[in-house]
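Here is what each chain is made of, one letter per residue.
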Amino acid sequence: MSVLKGVTPVGSGSRGPRFARMAIGGLALLIALSAAMLVPPATGARAAIGITKCTGSQTVTYTPGLTDQPREVTVSGQAPLLECVSSSDPTIVQATSAFSATGTFSCTSGTRVGSRRITWNNGDTSTLSSTSTVSVNGAASLVLIKGVVVDGEFKGAQWTGTFAMFSTKPLACLTTQGLAGVSGPLTLSIGSL
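Residues numbered from 1 in each chain as written. Predicted model: local features only at pLDDT ≥ 70, side-chain atom pairs only at ≥ 80, totals over all residues. Heavy atoms only, no water.

## A closer look at the nonpolar core
Phase 1 of the analysis: Residues Tyr62, Trp120 and Ile190 are the most contacted members of the largest nonpolar core, which totals 34 residues.
Phase 2 of the analysis: Mapped onto this core, the elements with two or more residues apiece are strand E1 (51-66), strand E2 (71-81), strand E4 (95-105), strand E5 (110-120), strand E6 (125-137), strand E7 (140-152), strand E8 (158-166) and strand E9 (179-191).
Phase 3 of the analysis: Sort the elements by how many residues they give to this core and E9 lands first, with 5 residues.
Phase 4 of the analysis: Sequence-distant contacts of isoleucine 190, that is, excluding residues within four places in its chain, are made with Gly50, Ile51, Thr52, Ile118, Trp120, Leu128, Val149, Phe154, Ala157, Gln158 and Trp159. (Core = buried A, V, L, I, M, F, W, Y, C linked by side-chain atoms within 4.5 Å. Buried < 20%, exposed > 50% of the residue type's maximum accessible area, 1.4 Å probe, protein only. Helix = DSSP H or I, 4+ residues; strand = E, 2+ residues; numbered from the N terminus. Contact = heavy atoms within 4.5 Å.)

Here is the structure:
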């Protein structure tokens, strides 16, 4: 009993409550840090899709050729994307892209559905679904593209693109064979800010 006589209880005196609060606060911080360490970090593109923008040129083949009259057409193409900037994956600076699609359209209108595969310079790939709509803006026939990344890097992200088919309507659109192919600038954007 004489040993316990000199011990001041934790709750008494001016220092007791302060030390008790510090101990409880420290314990709460330790628990929070431990819980954070137990939650695995997000991996892959789902962690932070951010935005990835690329520019390049695209070469497209139409089978059969595009005419002024809408008809069923199969489209395939290649696009070197020579300048890419990605807020979520800084290793991406370039890519190559290949696509195929089918639909009913002409040189100036129509919609097609297809898929695109992008191979990034870092070795990763992305597979994208796409719906393309041809419209005329001034003297240019533009292909407006949108879709979702269905596999690979940036999976789940939405994407958009713009392809300028030509600056003036080519005479080939007026023939029965139609326009067999074109090349033009392509811009592509994956994700959102």
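## Notes on the pairing of E4
Phase 1 of the analysis: Here E4 shows one buried face, formed by Ala95, Ser97, Phe99, Ala101, Gly103 and Phe105, and one open face, formed by Thr96, Ala98, Ser100, Thr102 and Thr104.
Phase 2 of the analysis: By the bridge criterion, 11 bridges tie E2 to E4 in an arrangement that is antiparallel. Opposite threonine 74, over in E4, you have threonine 102 as the bridge partner.
Phase 3 of the analysis: Pairing between E4 and E5: 11 bridges, direction antiparallel. In the sheet register, alanine 101 faces E5, and the bridge partner there is glycine 114.
Phase 4 of the analysis: Taking the residues between adjacent antiparallel strands as the criterion, E4 and E5 are bridged by 4 residues. (Pairing = 2+ DSSP bridges.)

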